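Observations on the model geometry
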Amino acid sequence: MEKLVCVLCPMGCKIKYEAVDGKIVSVEGNRCPRGIAYLEDELKEPKRIVPTSVKVLNGEMPLVSVKTSKPIPKRLIPQFMDLIKKVEVQAPVNVGDVIVRNVLNSGADVVATRSVKRIGSA
Amino acid sequence: MKTDVLVIGAGAAGMAAAIAAAKNGLKVIVAERDEVTGGILNQCIHNGFGLHYFKEELTGPEYAERFRERLSEYTDAIQVLTDCHVLKLNRDKKALLVSPRGVFELETKVVIYAAGARERPFGSLMIPGDRPSGIFTAGVAQRLMNIDNRKIGNRALIVGSGDIGMIMARRLTLEGTEVVGVVERLPYPGGLLRNVIQCLKDFDIPLYLSSTVVEVRGKERLEEVVVANVDEHFKPIPGTEKIFKVDTLVLSVGLIPQVEMLDGLVSLDARTRGIACSSTGQSSCEWIFAAGNCTAIFDLVDYVTREGERAGEYASRYVVGERFTRNVPIVPGENVMLTFPNSYSDVDDLTLYVRCRKPMEKAVLKVGSFERVFEDLIPSEMIVVRVPKQKLMGLDRIEVTLAEV
């Protein structure tokens with residue numbers, strides 16, 4: 001049996017599994033069904049949610065925190081960071097606003113995780 | 001000014017406590033020294049929050065925003081004073097507050113203290129060597145990068161493998177600072193395993209276990225950090241020194257409950273170093289309740305929220321005249337490093353938080369006549385368990401033990 005820690009949530013389930021030719025034949029230890037999806041991805045194409053931030057123009061803060069709306073392939077992370085460094089948005093920004101749609105064709109959007117008011121607005 | 005409830009601190013615990021008290025029909029004033037509510041959540045832009053409480057995964061700012069919205073639903077009952085610092089709390093239930101509008105006095109019936117924690121500072125580590133610039137605690141590094149948009153250095157070493165340290169290792173890497181390693185004096189990682197994977201392994205950042213920093217060197221800016229292996233008593237082993245050429249050192253060496261304001265008013269717990277509390281959140285001073293990281297350091301903000309709600313609920317019941325008398329001490333026993341709360345009042349079942357002393361594959365947790373088996377225990381992952389009231393009846397001391405099986 002192979003062992004793997006699910007990183008999808010702070011529970012950090014220790015998943016024990018057996019795989020033959022990349023196919024999972026038995027799984028135990030996952031406390032929710034997301035664990036199986038994680039395991040499948042981990043064997044095929046590891047994916048991660050990427051939290052970071054982008055520049056805000058005319059905002060009350062210099063940055064707005066963002067995340068990918070769902071996990072993106074791990075191998076895309078360096079490319080993702082290069083792209084995100086060049087992104088700038090105009091304040092105001094609200095939680096949930098889409099900053100970049102379908103980033104790097106991953107199917108995930110980059111969404112704002114905080115609200116930033118425009119300078120001088122009440 | 002007069003109020004029913006004064007909440008000190010508008011982080012996760014304070015916001016939850018204020019809402020709970022407002023729901024009970026009380027008038028609440030929340031004093032927050034920062035310009036915004038949300039506390040440290042605002043700078044924790046990583047995901048992993050809210051899974052227990054909201055049943056979905058949020059980032060820190062998102063979690064804070066949800067509570068900010070909830071707070072705003074109670075504007076009739078709750079007044080939030082930001083940029084407002086409580087200077088002093090007196091025995092006569094009067095607080096002295098200061099804000100840009102001036103200094104003023106506030107009279108309250110009850111206080112819910114939710115001031116959170118501080119980071120253990122570099123000075124307390126007694127590391128020999130120079131004192132150049134380039135040494136940051138993880139939380140300060142986080143604030144500089146995530147709020148103020150500052151890059152803190154080019155090549156960094158991290159001391160301590162706590163969650164914040166590992167998360168900052170990833171953050172620094174993503175932002176173009178090379179992280180040469182994480183140094184941990186224990187033989188196992190100090191934070192969650194998921195963070196070892198997604199913050200270190202994903203980026204090939206080495207984790208040096210059973211190692212410690214023995215010297216820092218640098219004139220103006222940090223230049224070198226000397227790391228050595230340690231024996232089982234954490235004593236550096238001569239001849240094992242390694243030199244890391246870095247300009248930045250980030251410390252993730254623990255949080256300390258912030259208790260100074262209540263000095264002399266309430267008892268502290270020697271293990272948690274926080275405010276000693278009953279299962280109702282009540283401190284040794286009956287009109288002061290406390291919740292969150294100022295009582296004990298919690299793993300998850302979800303737990304902090306729940307404790308804030310609990311303190312808010314019982315503090316409200318205290319204001320309208322209820323008294324919680326039976327307080328049975330809860331004491332850590334075999335293989336248990338610490339427990340929270342520190343005593344039990346039998347008004348409800350007991351939600352107990354336990355940190356084990358060492359990693360264990362399988363152990364039986366015993367609390368009174370309650371028993372449950374847990375697997376894969378490590379000190380950095382808190383056990384949370386609800387112990388039914390009936391299992392604790394008639395005890396005059398509740399010992400919590402973990403027997404390895």
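Residues numbered from 1 in each chain as written. Chains lettered and ligands numbered in written order. Predicted model: local features only at pLDDT ≥ 70, side-chain atom pairs only at ≥ 80, totals over all residues. Heavy atoms only, no water.

**Side note on the overall build of chain B**
The condition is simple: Secondary structure follows DSSP: runs of H or I at least 4 residues long count as helices, runs of E at least 2 residues long count as strands, and numbering of each begins at the N terminus. The size measure is the radius of gyration over C-alpha atoms, and the globule rule it meets is 2.2 Å times the number of residues to the 0.38 power. Classification of residues uses two cut-offs on accessible area relative to the type maximum, computed with a 1.4 Å probe and protein chains only: under 20% is buried, over 50% is exposed, and between them is partly exposed. For this analysis, residues touch if any pair of their heavy atoms sits within 4.5 Å. Shrake-Rupley sampling with a 1.4 Å probe provides the accessible areas, and residues are treated as covered by the protein chains on show and by no other component. Working convention for charge: Lys and Arg count positive, Asp and Glu count negative, and His plus the chain ends are omitted. Throughout, a charge is located at the NZ atom of Lys, the CZ atom of Arg, the CG atom of Asp or the CD atom of Glu.
Of regular secondary structure, chain B possesses 6 helices and 28 strands. For 405 residues, the compact-globule estimate of 2.2 N^0.38 gives 22 Å, and chain B sits close to it at 22 Å. The C-alpha extent of chain B, read off along each of the three principal axes, is 65 × 55 × 40 Å. With 405 residues in all, chain B has 56% of them scored as buried. In chain B, the proportion of contacts linking residues at least 24 apart, taken out of those at least 6 apart, comes to 61%. Carbon and sulfur atoms form 49% of the exposed surface of chain B, whose accessible area is close to 16900 Å². Taken as two groups, the 49 positive and 54 negative side-chain charges of chain B have centres that lie 3 Å from each other.

**A few points about helix α2 (residues 60-72) of chain B**
To be explicit about the condition: Any helix carries an expected span of 1.5 Å times its number of residues minus one.
Taking 1.5 Å of rise per residue, 13 residues should cover 18 Å, and α2(B) covers 18 Å from first to last C-alpha, within 8% of that figure. Among all positions of α2(B), only G60(B), P61(B), E62(B), Y63(B), A64(B), E65(B), F67(B) and L71(B) are buried. Buried-residue contacts for α2(B) involve β6 (63-68) of chain A together with α1 (12-23), β3 (47-49), β4 (58-59), β5 (78-81) and α6 (301-319) of chain B.

**Some thoughts on the layout of surface pockets**
This is how the line gets drawn: Grid spacing is 1 Å over the protein atoms alone, the probe is 1.4 Å, and a cavity is where that probe fits but cannot get out, while a pocket is an open set with protein on both sides within 12 Å along at least five of seven lines and lining residues have an atom within 4 Å of a point. Grid points are joined across faces, edges and corners, and a volume is the space filled by probe spheres set on the points. When residue character is reported, Ala, Val, Leu, Ile, Met, Phe, Trp, Tyr, Cys and Pro are called nonpolar, Asp, Glu, Lys and Arg charged, and the others, Gly included, polar.
Taken as a whole, the second largest pocket spans an internal volume of roughly 730 Å³. Lining the second largest pocket are 25 residues, and of these K14(A), R31(A), E375(B), D376(B) and E381(B) sit closest to its centre. Going through the elements one at a time, β2 (14-20) of chain A together with β26 (370-377) and β27 (383-387) of chain B are the ones with two or more residues in the lining of the second largest pocket. The element contributing the most residues to the lining of the second largest pocket is β26(B), with 5 residues. In terms of residue class, the lining of the second largest pocket is built from 13 nonpolar, 2 polar and 10 charged.

**A short note on the interface of chain B and chain A**
Rules: Put simply, buried area is how much 1.4 Å-probe accessible surface two parts lose in total, over both of them, once they are put together. Within this document, salt bridges are pairs made up of a side-chain nitrogen of Lys or Arg and a carboxyl oxygen of Asp or Glu, the two lying within 4 Å of each other. Residues adjacent in sequence count toward polar contacts only when both atoms are side-chain atoms; beyond that, a polar contact is any pair of N or O atoms within 3.5 Å, and within protein one must be able to donate a hydrogen and the other to accept it.
On the side of chain A, 31 residues touch chain B, which itself brings 32 residues to the contact. Here chain B meets chain A over a buried area of about 2700 Å², counting both sides, of which 57% is carbon and sulfur. Our count for the chain B to chain A interface comes out at 4 salt bridges. Between D202(B) and K74(A) there is a salt bridge whose closest N-O contact spans 2.9 Å. In this structure, the connection of chain B to chain A is made through 10 residue pairs in polar contact (both at pLDDT 80 or more). The set of elements that each furnish at least two residues to the side of chain B that touches chain A consists of β3, β4, α2, α3 (138-146), α4 (163-174) and α5 (193-200) of chain B. Here the side of chain B that touches chain A takes 4 residues from α5(B), the largest share from any one element. Looking at side-chain class alone, the side of chain B that touches chain A contains 12 nonpolar, 9 polar and 11 charged residues.

**Thoughts on the sheet that holds strand β3 (residues 23-28) of chain A**
Residue and element names in this part refer to chain A. What counts here: For two strands to pair, DSSP has to find at least two bridges joining them. Angles shown run from 0 to 180 degrees and are taken between the N-to-C directions of axes, each axis being a line fitted to C-alpha atoms and, for helices, limited to the stretch in contact.
Spatial ordering of the open sheet is given by β1-β2-β3, a layout of 3 strands whose pairing is antiparallel. Two strands close off the open sheet at either side, each with one partner strand: β1 (2-5) and β3. When strand polarity is set aside, the average angle formed by the axes of neighbouring strands in this sheet is 35°. As paired strands, β2 and β3 are joined by 5 bridges and run antiparallel to one another. Its bridge partner lying in β3, Y17 is registered against V27.

**A word on the environment of G254(B)**
Residue and element names in this part refer to chain B. Position of G254 among the secondary structure elements: in the loop between β18 (248-251) and β19 (255-257). What makes G254 partly exposed here is its relative accessible area of 32%. For the pair G254 and R118, spaced 136 residues apart in the sequence, the C-alpha separation amounts to 8.7 Å. Excluding residues within four positions of it along the chain, G254 makes contact with R118, E119 and R120.

**Points about the packing of aromatic side chains**
Residues and elements named next belong to chain B. Here is the rule: Here a pair means two rings of Phe, Tyr or Trp (six-membered ring of Trp) with centres within 6.5 Å. Their orientation is stacked below 30 degrees between planes, edge-to-face above 60, and tilted elsewhere.
According to the stated counting rule, one finds 12 aromatic pairs over all chains in the structure shown. Where Y53 meets F54, the ring centres are 5.1 Å apart and the plane angle is 80°; that geometry is what we call edge-to-face. Residue Y53 is classed as partly exposed on the basis of its relative accessible area, which comes to 25%. Centroid distance F54 to Y63: 5.3 Å. Interplanar angle 80°. Geometry classified as edge-to-face.

**Re the pairing of β27(B)**
Every regular strand shows the same layout, with side chains that alternate between the two sheet faces. All names here are of chain B. Residues of β27 alternate between two faces, with I383, V385 and V387 buried on one and V384 and R386 left unburied on the opposite face. Taken together, the 5 bridges between strand β24 (residues 350-356) and β27 define a ladder with antiparallel strand orientation. Bridge assignment links T351 to a residue of β27, and that residue is R386.

**A few points about the packing of α4(B) against α5(B)**
Residues and elements named next belong to chain B. Rules: Angle categories are assigned with fixed cut-offs, so that under 35 degrees is roughly parallel, over 145 is roughly antiparallel, 65 to 115 is roughly perpendicular, and the rest are oblique. If you view the pair so one helix is near and one far, a crossing is left-handed when the near helix is turned anticlockwise from the far one by less than a right angle, and right-handed when it is turned clockwise.
As a packed pair, α4 and α5 sit with axes 8 Å apart at the nearest point and diverge in direction by 15°. Classed by the angle they form, the pair α4 and α5 counts as roughly parallel. When the axes of α4 and α5 are compared, the crossing they make is left-handed. For the pair α4 and α5, the contacting residues are D163, M166, I167, A169 and R170 in the first and N195, V196, Q198, C199 and L200 in the second. Its residues assigned to classes, the contact of α4 with α5 shows 6 nonpolar, 2 polar and 2 charged.

**A word on the sheet that holds β27(B)**
Working definition: the strands of a sheet are paired by backbone hydrogen bonds and lie parallel or antiparallel to each other. All names here are of chain B. Ordered by their spatial adjacency, 3 strands build an open sheet running β22-β24-β27, and the pairing between neighbours is antiparallel. Each edge of the open sheet is held by one strand with a lone partner, namely β22 (336-340) and β27. Across this sheet, the average inter-strand angle for adjacent strands is 25°, counted without regard to direction. Its contacts with the sheet put α6 on β22, β24 and β27, and the angle it makes with β24 is roughly 145°.

**Focus: the pattern of salt bridges**
Taken as a whole and assessed by the stated rule, the structure comprises 25 salt bridges over all chains. Across the pair R68(B) and E65(B) runs a salt bridge, and its minimum N-O distance is 3.1 Å. In this pair, R68(B) and E65(B) both sit in helix α2, 3 residues apart, roughly one turn of the helix. Classification of E65(B) as buried rests on a relative accessible area of 13%. A salt bridge links R317(B) to E322(B), with the shortest nitrogen-to-oxygen separation between them at 2.7 Å. Classification of R317(B) by relative accessible area gives partly exposed; the value is 24%. Through salt bridges that share partners, E42(A), R48(A), K74(A) and D202(B) make up one connected network.

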